[in-house]
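Listed below are the residues making up each chain.
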Amino acid sequence: MVRSALRVAEVPRPREPRRCLLFAQGRTGSTLFGELLDSHPEMHFAHEILRAKVPSVRLWVAGERRRHPTLVYGFHVKIYQLTDVQGVADPARWLRRMADQGWRVLSLRRRNVLRHVLSNLAINATGLTHDRLGQGPTRLTVDPVELVRWMDIRSEVGRRETAALSGVNHEAFVYEDDLLDSANWPETMARAFSFIGLDPVPVGTTLKRRNPGRLPDLIENYDEVAAAVASAGYAAFLN
């Protein structure tokens, strides 16, 4: 009887399936971060599974997770997908509940809100969301009033994200510090994998940076835009 019990105890038990979510606005490097996560052979990263309305967020997420037999399942969610699309009244409570249920929360933000908004404007101008062919930067003529309006909006969303993450056990990443330079990717992803519970592995992506140049080289009416940005209190982002 004792030997039998010992033999049973020696049989390796299945590892608990782990899961993670990436909480971030669009154009913050979230697609890049997701692809780097998906580089891990023990992980499936599903990107934005809550972009369209579903009957039950809890059941939908559980169902999507069950579709993939990999050890770790992850997805990206934006705060406005929770509030505006899914009708989640309290994203902070939702994040806490997910963390309590074993989801590892990763957060990603972009510090330079000017570059953040310009990235969106470049999409509107070209229809090209991501660059995998190295097509180069998009030179834009920018409406300064509209630009500042969107910078205000993105800044407010960032404050709402920070409030939602308060009290939630999470690992925070910043685009400019952790993703902008590919030389930082190994250290960045080792930190992310460790938080999730995975061993580090080499990572990679075919994504190319869309607009790496100086702002005067990217904005046709740079002087006009710079004056409006500085007047609105965003001068630090011009550097």
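Data block above holds the structure.
Given the structure is predicted, the values throughout are model-derived calculations rather than measurements. (Residues numbered from 1 in each chain as written. Predicted model: local features only at pLDDT ≥ 70, side-chain atom pairs only at ≥ 80, totals over all residues. Heavy atoms only, no water.)

Student: Got a minute to help me understand the packing of aromatic side chains in this structure?
Tutor: Two descriptors summarise a pair of aromatic rings, namely the distance from one centre to the other and the angle between the planes of the rings. Applying the stated criterion to the full structure yields five aromatic pairs. Taking the centre distance of 6.5 Å and the plane angle of 35 degrees together, the rings of tyrosine 73 and phenylalanine 75 count as tilted. What makes phenylalanine 75 buried here is its relative accessible area of 0%. Among the aromatic residues, those joined into a ring-pair cluster are Tyr73, Phe75 and Trp103. Its end group placed over the ring of phenylalanine 195, arginine 104 keeps NZ or CZ at 5.3 Å from the ring centre. The ring centre of tyrosine 175 lies 4.6 Å from the NZ or CZ of arginine 110, which sits over that ring. (Phe/Tyr/Trp six-rings, centres within 6.5 Å; stacked < 30°, edge-to-face > 60°. Buried < 20%, exposed > 50% of the residue type's maximum accessible area, 1.4 Å probe, protein only. Lys NZ or Arg CZ within 6 Å of the ring centre and 35° of its normal.)

Student: Teacher, can you tell me more about the pattern of salt bridges here?
Tutor: A side chain with one charge can pair with a side chain of the opposite charge if their charged atoms come near. All chains considered together, the criterion is met by ten salt bridges. Lysine 78 is paired through a salt bridge with glutamate 48; the nearest N and O atoms lie 3.5 Å apart. Residue lysine 78 is found in the loop between strand 3 (72-77) and helix 4 (79-85), and its partner glutamate 48 is found in strand 2 (residues 43-48); the two are separated by 30 residues along the sequence. By the burial criterion, lysine 78 is buried, and glutamate 48 matches it. Glutamate 146 is the partner of arginine 149 in a salt bridge, and the nearest nitrogen-oxygen pair spans 2.8 Å. Within this pair, arginine 149 and its partner glutamate 146 are both found in helix 7 (residues 144-165), separated by three residues, close to a single helical turn. Linked through salt bridges whose partners overlap, the residues forming this network are Glu48, Arg51 and Lys78. (Salt bridge = Lys/Arg side-chain N within 4 Å of Asp/Glu carboxyl O. Helix = DSSP H or I, 4+ residues; strand = E, 2+ residues; numbered from the N terminus.)

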